[in-house]
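Overview (structure and organization)
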Amino acid sequence: MFSDIGALELVTLIVLAVLVFGPDKLPKVVQDVSRFIRKVREFSDSAKEDIRSELGPEFKDFEFEDLNPKTFIRKQLDGNEDLSELKELRSTFDLRKEMNDVADAVNGREAAPAPSPTPSPAAAPAAAPAAVNGSAPDLMKKQDKPAAPERPPYDSDAT
């Protein structure tokens, strides 16, 4: 619980506690705080057990730490040695093509025809010069600002 508190900080907390509560009341305060922490732990343990019993026997291996998405994904990936589905899904997603499609849609241009799902190795280098020649939008270039609309005439009687 206090693994990140150094020795100097711990001594400072003890001296501060002695100054605030006094040497006479400090043992009673420590007992009260420890009793409170014990009750909170008992309450949380009983709540966890109640939840587990209400979920039923199919959730007997349920751990509350699994509710953390990072822990859940790590646990699922560690148990699955065959990640071919994930690799296949990753290979079908082409971020550059998706970005170009979005940029074309924003700029009002028609999207280029979709390439075949399994491009040949010779087709990949042919597609690269198209992006270099300028057919793909340059997303880093600032767009020209449209002309400012004409201001309506000022009418001092209207205000």
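Residues numbered from 1 in each chain as written. Predicted model: local features only at pLDDT ≥ 70, side-chain atom pairs only at ≥ 80, totals over all residues. Heavy atoms only, no water.

Close approach of charged atoms lets side chains of opposite charge pair. Using the criterion set out here, one finds four salt bridges in the structure. With a shortest N-O distance of 3.5 Å, aspartate 32 and lysine 28 are connected by a salt bridge. Here aspartate 32 pairs with lysine 28, and both are found in helix 1 (residues 7-55), just four residues apart, close to one helical turn. Overall, lysine 28 belongs to the exposed group, its relative accessible area being 52%. One network of salt bridges, with partners in common, ties together Lys28, Asp32 and Arg35. (Salt bridge = Lys/Arg side-chain N within 4 Å of Asp/Glu carboxyl O. Helix = DSSP H or I, 4+ residues; strand = E, 2+ residues; numbered from the N terminus. Buried < 20%, exposed > 50% of the residue type's maximum accessible area, 1.4 Å probe, protein only.)

A separate point is a nonpolar patch on the surface. Judged by side-chain polarity, Leu13, Leu16, Val20 and Phe21 come together as a nonpolar surface patch covering roughly 380 Å² of accessible area. The topology assignment puts leucine 13 in helix 1. (Patch = residues over 30% accessible without salt bridge, like charges linked within 9 Å, V, L, I, M, F, W, Y side chains within 5 Å. Areas by Shrake-Rupley, 256 points an atom, 1.4 Å probe, with all protein chains shown as cover.)

In this model, helix 1 (49 residues) spans only 44 Å end to end at C-alpha, well below the 72 Å of a helix rising 1.5 Å per residue. For helix 1, the principal kink sits at glycine 22 and spans about 100°; a proline, proline 23, occurs within the next four residues. Positioned one or two residues after helix 1, glycine 56 has a phi angle of 105°, which is positive. (Expected span 1.5 Å × (residues − 1). Bend = angle between axes of the 7 residues up to and from the residue.)

Residue-level pLDDT values for the protein average 75, and 70% of them are 70 or greater. When pLDDT is averaged over each element of the protein, helix 1 comes out on top at 90 and helix 5 (residues 123-132) at the bottom at 45. Low pLDDT (under 50) marks residues 120-132, which in the prediction has three contacts with non-local residues, meaning those over four places away or in another chain. (pLDDT = per-residue confidence, 0-100. Contact = heavy atoms within 4.5 Å.)

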